[in-house]
Structure formats: C-alpha cells, structure tokens
Amino acid sequence: MDWLDQVKWDAQGLVPAIAQEAGSKDVLMVAWMDREALRQTVELGRAVYFSRSRGKLWFKGEESGHVQTVHEVRLDCDNDVVLLQVTQQGHDPAIACHTGRHSCFFQVYRDGQWRTVEPVLKDPQAIYR
C-alpha cells in the first residue's frame, strides 16, 4: 500500500497539518495538505500546504521568505492529522504567522475575552508584496 493511502483524507481530499518548531516545540500554525502537498513536503524537506482560499499548492514562504525546513513528518493515531517538526527560516526571531508574529496562536482566553499575548515581530505590510 502507498504510504499516502494510509492517511485518512477528508471529503475534499485534505488533512490538517500542524507545524511545530523542532527546537522550542512551539506550535506555529495549522494548515491543510492534499496528497501532492504532503508528497512534495516529504520529497523536498520543505513545508508545502494546500491553500483552500486559492485552491492550489502553497509553498510556505513563497511570498514572505519564511520557509519551513521539515525535519520529521508524523501521523496521529487516527491517521487524520499530520504533525511537521520544522525549523522556521527567514527572520530572527522566527515568524510563522501572516500577522508578523512567531506563532499563529498568539491569543489567550482570559477573563471572558481573547487577549493578544505575542508581539508583532515584523509589520505584515513589509513582509507581503
């Protein structure tokens, strides 16, 4: 059996993919992959996702320069979530989020509301063309 056939793809042929920083273990982001994105990620050692809004493959960092080097690919116990161990490239400190922050998970629920707890490291208008 092809290793890609072991993944439980959803009705749209996608699987959620979590990018985790290899060193700090910070969860950087969640995106989606189709078969081709996962295949290319493994072959290239670079994170490739499927952009649902654009309907095409998205090479992380293709516009921002914030490329994710992939060290390990894991599949969860139900075979329906992929975990990528990555090194985030392109900026120091590392930026994974399109908002210019280290992680997409920069909001914490406290006292009945969401509070931003991570700073913007670089203005998104300076990142994206």
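Here, every reference points to the structure presented above.
Being a predicted model, the structure only gives us computed values, none of them experimental. (Residues numbered from 1 in each chain as written. Predicted model: local features only at pLDDT ≥ 70, side-chain atom pairs only at ≥ 80, totals over all residues. Heavy atoms only, no water.)

*Asks:* What is the right way to look at the overall build of the chain in this model?
*Replies:* Each helix and strand counted, the chain has two helices and eight strands in total. Listed by position from the N terminus, the elements making up the chain come as β-β-α-β-β-β-β-β-β-α. Compactness check: the chain gives a C-alpha radius of gyration of 15 Å against a globular reference of 14 Å for 129 residues, within 12% of the reference. When the backbone C-alpha atoms are referred to their principal axes, the chain occupies close to 45 × 35 × 30 Å. The 129 residues of the chain split such that 36% are buried. Long-range contacts, defined as pairs at least 24 residues apart, comprise 43% of the intrachain contacts of the chain with a sequence gap of at least 6. Of the roughly 7500 Å² of accessible surface on the chain, 50% is carried by carbon and sulfur atoms. Positive and negative charge centroids in the chain, built from 15 and 18 side chains respectively, lie 5 Å apart. (Helix = DSSP H or I, 4+ residues; strand = E, 2+ residues; numbered from the N terminus. Rg over C-alpha atoms; globule rule 2.2 N^0.38 Å. Buried < 20%, exposed > 50% of the residue type's maximum accessible area, 1.4 Å probe, protein only. Contact = heavy atoms within 4.5 Å. Areas by Shrake-Rupley, 256 points an atom, 1.4 Å probe, with all protein chains shown as cover. Lys, Arg positive; Asp, Glu negative; His and termini not counted. Charge placed at Lys NZ, Arg CZ, Asp CG, Glu CD.)

*Asks:* Could you clarify how one ought to interpret the pattern of salt bridges in this entry?
*Replies:* Between side chains of opposite charge, pairing is possible as soon as their charged atoms come close. Inspection of the entire model under this criterion finds seven salt bridges. Across the pair Arg-54 and Glu-62 runs a salt bridge, and its minimum N-O distance is 3.4 Å. Of the residues examined, Arg-54 reaches a relative accessible area of 42% and is grouped as partly exposed. Note that Glu-72 and Arg-74 form a salt bridge whose closest N and O atoms lie 2.8 Å from each other. Each of the salt bridges in this network shares a partner with another, and the network as a whole consists of Asp-2, Asp-5 and Arg-35. (Salt bridge = Lys/Arg side-chain N within 4 Å of Asp/Glu carboxyl O.)

*Asks:* Looking at this structure, I do not really get unusual backbone geometry. What am I missing?
*Replies:* Glycine aside, the phi torsion of most residues is negative, and most peptide linkages are trans. In this chain, Asp-92 is followed by Pro-93 through a cis amide linkage whose omega measures 5 degrees. Secondary-structure assignment places Pro-93 in the loop between β6 (82-88) and β7 (107-110). One non-glycine residue, Lys-25, adopts positive backbone phi at about 70 degrees. Tracing the backbone shows Lys-25 in the loop between β1 (15-21) and β2 (27-33). Assessed through its relative accessible area of 47%, Lys-25 is described here as partly exposed.

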